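# Report on the structure
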Amino acid sequence: KPKTKRAKRFLEKREPKLKENTKNAMLIKGGNANLTVTEVLKDIYAVKKPFAVLYKKKNITRPFEDQTSLEFFSKKSDCSLFLFGSHNKKRPNNLIIGRMFDYHVLDMIELGVEKFVSLKDVKNSKCPEGTKPMLIFAGDMFDVNEEYRRLKSLLIDFFRGPNVPSIRLAGLEYVLHFTAVEGKIYMRSYKVLLKKSGCKIPRIELEEMGPSLDLVMRRTHLASDDLYKLSLKQPKALKPKKKKNISHDVFGTTYGRIHMQKQDLGKLQTRKMKGLKKRPAEKSAEDGGVSPKKSKSA
């Protein structure tokens, strides 16, 4: 139990919520990280800020052999995403990207950096901190191969940023493009320039901003289908309630069914016309009696 109000607020922030917070990422440097890996972590931290934590000290750990240290750091910093960088002779310029579920490792994919261009190397204007990027995925492998499909899901989780209720055109200024071709993944980042076009819709140009990475997939640690399905489960309060007597056709048209009592057509109000008026004989027949004829006076 918390002893102070500050500790109480801290624990309340970490409690399960119907709408989860924006996912934070922790960037960890391995015990033998070289200059390239360090620069990659710094650049991705600059892209991910302010929803990221960069650990500057080296941590001697191997995520594929022992995951306890990652789970400890995840609890300590309240991060559900991680990027671990290391370098050795067997796996040079190594990056391990992954995510947590209930402070335990869910998915983990190892990527090798073959080519890297830093933010500093590209002498162009940069986007301001906290800009939500637009994500583009090109290549059939992201839809065909299960490992690439899971990598696509992981990258969307990592770079998506906060949920926004509305979008303005001037805010669309940052693009992250991922291409999967011939067993390699190319990551490129561009700044969107809105030029004059003579009409309401501006002409769009892309200017390379950095960082850019040429990656190759190495080892993978994917969650089982049952655990992955459990991690995607939504609370009942967020599920839309099913409305009765409402259906939709293939074109999206909504049809509603209304239940009404049986109508008495005899009491239906019709148009009043002289020809439709009932005669006295008909009225008396409806009443059940015959009206006597008036006797002529002598």
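Only a predicted model underlies this, so the values are computations on that prediction, with no experimental measurement involved. (Residues numbered from 1 in each chain as written. Predicted model: local features only at pLDDT ≥ 70, side-chain atom pairs only at ≥ 80, totals over all residues. Heavy atoms only, no water.)

Here the focus is the overall build of the chain. When you go through the chain residue by residue, the secondary structure sums to 7 helices and 12 strands. On C-alpha atoms alone, the chain measures out to a radius of gyration of 34 Å, which is more than a quarter above the 19 Å that the 2.2 N^0.38 rule sets for 298 residues. Each principal axis of the C-alpha atoms in the chain carries an extent, and together these give about 135 × 65 × 45 Å. Evaluated residue by residue, the chain yields a buried proportion of 31% over its 298 residues. Counted over contacts in the chain with a minimum sequence separation of 6, partners at least 24 positions apart contribute 67%. As displayed, the chain offers around 21800 Å² of accessible surface, 54% of which is attributable to carbon and sulfur atoms. (Helix = DSSP H or I, 4+ residues; strand = E, 2+ residues; numbered from the N terminus. Rg over C-alpha atoms; globule rule 2.2 N^0.38 Å. Buried < 20%, exposed > 50% of the residue type's maximum accessible area, 1.4 Å probe, protein only. Contact = heavy atoms within 4.5 Å. Areas by Shrake-Rupley, 256 points an atom, 1.4 Å probe, with all protein chains shown as cover.)

Counting through the fold element by element, Ser-77 comes out in helix 3 (residues 68-77). In this structure Ser-77 comes out as buried when scored by relative accessible area, which is 19%. Looking at Ser-77, its side chain comes within polar contact range of the main-chain oxygen of Phe-73, at 2.7 Å. Sequence-distant contacts of Ser-77, defined by excluding residues within four places in its chain, comprise Arg-14, Met-26 and Tyr-55. (Polar contact = N/O pair within 3.5 Å; in protein donor to acceptor, adjacent residues only side chain to side chain.)

Per the UniProt entry, the sites bearing "domain: Brix" (unreviewed entry) are residues 23-226 in this numbering. Overall, residues 23-226 shows 22% helix and 41% strand. The separation of its end C-alpha atoms is 22 Å. (UniProt positions renumbered as here; feature names shortened; annotations may be inferred.)

The subject of this paragraph is the side chain of Ser-212. Positionally, Ser-212 belongs in strand 10 (residues 212-221). Residue classification places Ser-212 among the buried residues on the basis of a relative accessible area of 5%. Excluding residues within four positions of it along the chain, Ser-212 makes contact with Lys-115, Phe-116, Val-117, Met-187 and Arg-188.

The next point concerns the pairing of strand 7 (residues 174-181). Buried residues dominate strand 7, accounting for 6 of its 8 residues. Taking the residues between adjacent antiparallel strands as the criterion, strand 7 and strand 8 (residues 184-195) are bridged by 2 residues, where Glu-182 takes a positive phi near 55°. (Pairing = 2+ DSSP bridges.)

Right, let's talk about a nonpolar patch on the surface for a bit. Where nonpolar side chains cluster on the molecular surface, the patch consists of Val-164, Ile-167, Leu-169, Leu-172, Leu-194, Ile-204 and Leu-206 and spans about 660 Å² of accessible area. By the secondary structure assignment, Leu-206 is in strand 9 (residues 203-208). Given the relative accessible area of 52%, Leu-206 is considered exposed. (Patch = residues over 30% accessible without salt bridge, like charges linked within 9 Å, V, L, I, M, F, W, Y side chains within 5 Å. Salt bridge = Lys/Arg side-chain N within 4 Å of Asp/Glu carboxyl O.)

Let us look at the environment of Leu-35. In this fold, Leu-35 is placed in helix 2 (residues 35-48). For the pair Leu-35 and Asn-93, spaced 58 residues apart in the sequence, the C-alpha separation amounts to 9.3 Å.

Attention now goes to a positive patch on the surface. Residues Lys-5, Arg-6, Lys-8, Arg-9, Lys-13 and Lys-17 make up a contiguous surface patch of positive charge. Topologically, Lys-13 is positioned in helix 1 (residues 5-14). Classification of Lys-13 by relative accessible area gives exposed; the value is 60%. (Lys, Arg positive; Asp, Glu negative; His and termini not counted. Charge placed at Lys NZ, Arg CZ, Asp CG, Glu CD.)

Ile-97 and Phe-159 are the most contacted members of the largest nonpolar core, which totals 35 residues. For this core, the element with the highest residue contribution is helix 5 (residues 146-159), accounting for 6 residues. Setting aside residues up to four positions removed in sequence, Ile-97 forms contacts with Phe-82, Leu-83, Asp-107, Met-108, Ile-109, Leu-111, Leu-151, Leu-154, Leu-155 and Phe-158. (Core = buried A, V, L, I, M, F, W, Y, C linked by side-chain atoms within 4.5 Å.)

Taken as a whole and assessed by the stated rule, the structure comprises 14 salt bridges. As a salt-bridge pair, Asp-143 and Lys-152 come within 3.8 Å of each other at their nearest N and O atoms. Looking at Lys-152, the relative accessible area reads 24%, which means it is partly exposed. Its salt-bridge partner being Asp-214, residue Arg-188 comes within 2.9 Å of it at the nearest N-O pair. Taken together, the residues span a long stretch of sequence, with Arg-188 in strand 8 and Asp-214 in strand 10 at a distance of 26 residues.

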